[in-house]
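# Summary of the model geometry
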Amino acid sequence: MSKFELSRRTLLQSSAAGLALLSSASLSRLAQAGNLTVGIVYVGPRDDFGWNQAHAVAAAALKDVPGVTVVEEENVPETIAAAKSMESMINLDGANLIFATSFGYYKPFVLDLAAKYPDVEFRHAAPLWTEGDPKNAGSYFGYLDQAHYVDAVAAGLSTTSNKLGFVAAKPIGTVLRNINSFLLGARKVNPDATVQVIFTGEWSMPVREAEAANALVDAGCDVLTCHVDGPKVVIETAESRGVKCCGHNASQAPLAPKGFITGAEYKWETIYKMFAADLAEGEPLPNFTGGGFDVDFVRNTPYGAGATEAAIAAADAARADVTAGKPIFVGPINKQDGTPLLAAGASFDNYEPSLDQTDYLIEGVTGSIT
Amino acid sequence: MGDDPGLMTVLLAMFAGAIRVSTPFLFVSLGEMLTEKSGRINLGLEGTLVFGAMSGYAISYHTGSPWLGVLVAGLCGSLFGALHGYLCKLPKVNDIAIGIAMMLFGTGLAFFFGKPYIQPSAPRLPSISFGTWSDHPAVRQALEINPLFLLGIALAIFLWWALKNTRYGLIIRTTGDSAPAALALGIHVDRVRLLSTMAGGFFAGIGGSFLSLYYPGSWTEGLSSGQGLMAVALVIFARWNPIYCFWAALLFGAAGALGPALQSIGISRGYHFFNAAPYILTLLIMIASTSPRRSLKGAPGELSITK
């Protein structure tokens, strides 16, 4: 019996301590009302030469903004762990803006938390927000397919086999759109070019990415690019097999001193700083922010040794065209199964909303989604 | 290259993949085989593998010598083995539970120390070209063979011979089959198991260094996709026979190459299924090779799963 009393007393004591801690935490949160604490959740390591690094570089730039505190957590899987991690940033670190940087964080974790914490702003790095989702949630996205298109213009002039290889993670809209734009860029300068795609099924699976890269080279591809979280393995494999490559997400130029052509990179710091400035001035954040070259959300890696004079000139011209708003998707374009996507003469605007829901590959791409 | 270039491409890719991907399986399964022969199960080899990958890469980066990295990876592995061996010696300690703890510990420690080594490029292990006779680039590429693979074959043959024909082999097998009998013979059971687990950890560490220093050849936190765990299943499949361990490792390597190879020749429907081939294979093997009515042929009698 005495044992029970003891444990009850301990319970009371610890809950009292907990309450005190909670109230002091909320007090300190009020005290910091003028300041901005940004919580950033990464799905992988911050220095993966890829997706997470692109965000981390931008987060580092954000730290230099006065009044902004940045808390980060890496290697957070797309499970309930993401919700826990975001909640602890809100409750323990007093975060008032959360950047959820991985695709799978949005449904249901960001949506649930946005409903639970109406005072905290949530922004998620994929074009998923739609009307009807909580107003304190939103999406921000760089249209990397524009940069992949420019990459492919250079790649199309660099291939001799006319076969370009693409190692892709999962067949979701943004990945498929990058693949399609990559083909269109190559076709623009080289009508015989084809793109062969291999899906690995995971965002990060180094051994399988290496196998896929090797398989593409064995199949005759002489320029490789990829859409996986950390392109390090694909780029290094391409370099060691003696073929050229285009990067993805962040700069991989140092990994391929001989064959690197150029790469498609995000420039998240443009968006992050824009959000921080909006919040500092008390402006509401936009629910949907997206853009490409025209608003400086994406960029190309500086040309490497693999880029020829002709490729550089053509790629620069293509980038100028896209920045000026010239369309990437110009008909005639058929889907892989032969159904027409665009008739001759028709075109999609580069921010055509239906492209966000791309669920097809176009003719000229070898490989299947399922 | 034959009438059907597609089929040839797949077969060649599976052959090349078997050689490229099998080495970590081979080393880890040989290490696990040796540990189990002495009567213990070390499930922690997955953690040892990851830590070996990290330490090998780090040492190679700092010293410029990948072979030194391989050695240090092995030594780190044997330290993990020693810890496992020591803990399991204590009374009423379950080796499987310790193994799982060691797996998480090794992985976590590797991530902790490995942070600064994700970015830099370390010198990698060289390969030996056996394909110069062929003018087919894919064949030449397939026959770029890493010395560790050859070392693994030599090790498998050596272990097979040594377990069968040497006094030490007999001691290990006796310890694994019946601890009381070993005690009666004056064998120090715990010491034999400690040393076997350390040797097993050494091999697993080398297997890890192959991942980071040769194929795919860089240190990242997602480097191992369960190779260490699959190798444990592979030992059961191989009936605790080192030579079979080699064939099983080749089979798993080839299965891993199947998905990408099929996609490269245009058979891309159902790639999730083909990508899962190694795991499906593990499952099928476990189902096919176990029965509630008999214990496994060749299984050491002291193993806690067969006892």
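Residues numbered from 1 in each chain as written. Chains lettered and ligands numbered in written order. Predicted model: local features only at pLDDT ≥ 70, side-chain atom pairs only at ≥ 80, totals over all residues.

Turning our attention to the interface of chain B and chain A. Often, the extent of an interface is quoted as the loss of accessible area on bringing the components together. Every contact between the two is made by 32 residues of chain B and, on the other side, 31 residues of chain A. Secondary-structure elements contributing two or more residues to the side of chain B that touches chain A are helix H1 (5-37), helix H5 (137-142), helix H11 (242-264) and helix H12 (271-275) of chain B. When residues in the side of chain B that touches chain A are grouped by element, the largest group, 6 residues, is from H11(B). (Contact = placed C-beta atoms within 7 Å. Helix = DSSP H or I, 4+ residues; strand = E, 2+ residues; numbered from the N terminus.)

For the rest of this paragraph, the subject is the UniProt feature "transmembrane region" (unreviewed entry) in chain B. All names here are of chain B. The UniProt feature table records "transmembrane region" (unreviewed entry) at residues 6-31, 43-61, 67-87, 96-114, 145-163, 194-216, 245-265 and 271-288. Helix and strand shares over residues 43-61 are 89% and 0% respectively, and the end C-alpha atoms of the span are 29 Å apart. Measuring from the first to the last C-alpha atom of residues 194-216 gives 32 Å, for a span that is 87% helix and 0% strand. (UniProt positions renumbered as here; feature names shortened; annotations may be inferred.)

Strand order in the open sheet formed by 7 strands is E12-E10-E9-E8-E6-E7-E15 (chain A), with mixed pairing between adjacent strands. For this open sheet the edge positions go to strand E12 (298-300) and strand E15 (365-366) of chain A, each flanked by a neighbour on one side alone. (Pairing = 2+ DSSP bridges.)

Moving on: unusual backbone geometry. A:Lys107 connects to A:Pro108 through a cis peptide bond whose omega is 0°. Mapped onto the elements, A:Pro108 comes out in helix H4 (residues 106-116). B:Tyr215 connects to B:Pro216 through a cis peptide bond whose omega is 0°. Phi at A:Asp296 takes a positive value of approximately 65°, unusual for a residue other than glycine. In this structure, A:Asp296 sits in the loop between strand E11 (288-291) and E12. For A:Asp296, a count of 14 C-beta atoms within 10 Å gives the class partly exposed. Residues other than glycine seldom take positive phi values, yet B:Arg239 does so here, at roughly 55°. With respect to the helices and strands, B:Arg239 occurs in the loop between helix H10 (227-237) and H11. (Buried ≥ 20, exposed ≤ 12 C-beta atoms within 10 Å, placed from the backbone.)

Moving on, we get to the environment of A:Ala317. All names here are of chain A. Topologically, alanine 317 is positioned in helix H10 (residues 309-323). We classify alanine 317 as partly exposed; it has 13 C-beta atoms within 10 Å. Note: C-alpha distance between alanine 317 and valine 150 (167 residues apart in sequence) is 8.8 Å.

Turning to the confidence of the model for chain B, a few remarks are in order. In this model, chain B carries a mean pLDDT of 88, and residues with pLDDT of at least 70 account for 95%. Complex prediction metrics read pTM 0.82 and ipTM 0.83. (pLDDT = per-residue confidence, 0-100.)

Let's shift gears to the pairing of strand E1 (residues 36-41) of chain A. Successive side chains on a regular strand alternate, one facing one side of the sheet and the next facing the other. Residues and elements named next belong to chain A. Burial analysis of E1 places 6 of its 6 residues in the buried class, which makes it a mostly covered element. Here E1 shows a buried face lined by Leu36, Val38 and Ile40 and a second buried face lined by Thr37, Gly39 and Val41. As defined by bridge partners, E1 adjoins strand E2 (residues 68-73) across 6 bridges and the pair is classed as parallel. In the sheet register, leucine 36 faces E2, and the bridge partner there is valine 68.

This next bit is on the nonpolar core. Membership of the largest hydrophobic core comes to 211 residues, with the highest contact counts inside it found for A:Val167, A:Ile179, A:Leu224, B:Leu234 and B:Cys245. Broken down by element, this core gets its largest block of residues, 15 residues, from H1(B). Of the domains in this structure, domain 1 (32-143 + 268-294) and domain 2 (144-265 + 300-366) of chain A are the two that each give at least three residues to this core. (Core = buried A, V, L, I, M, F, W, Y, C linked by C-beta atoms within 7 Å. Domains from an automatic or database assignment.)

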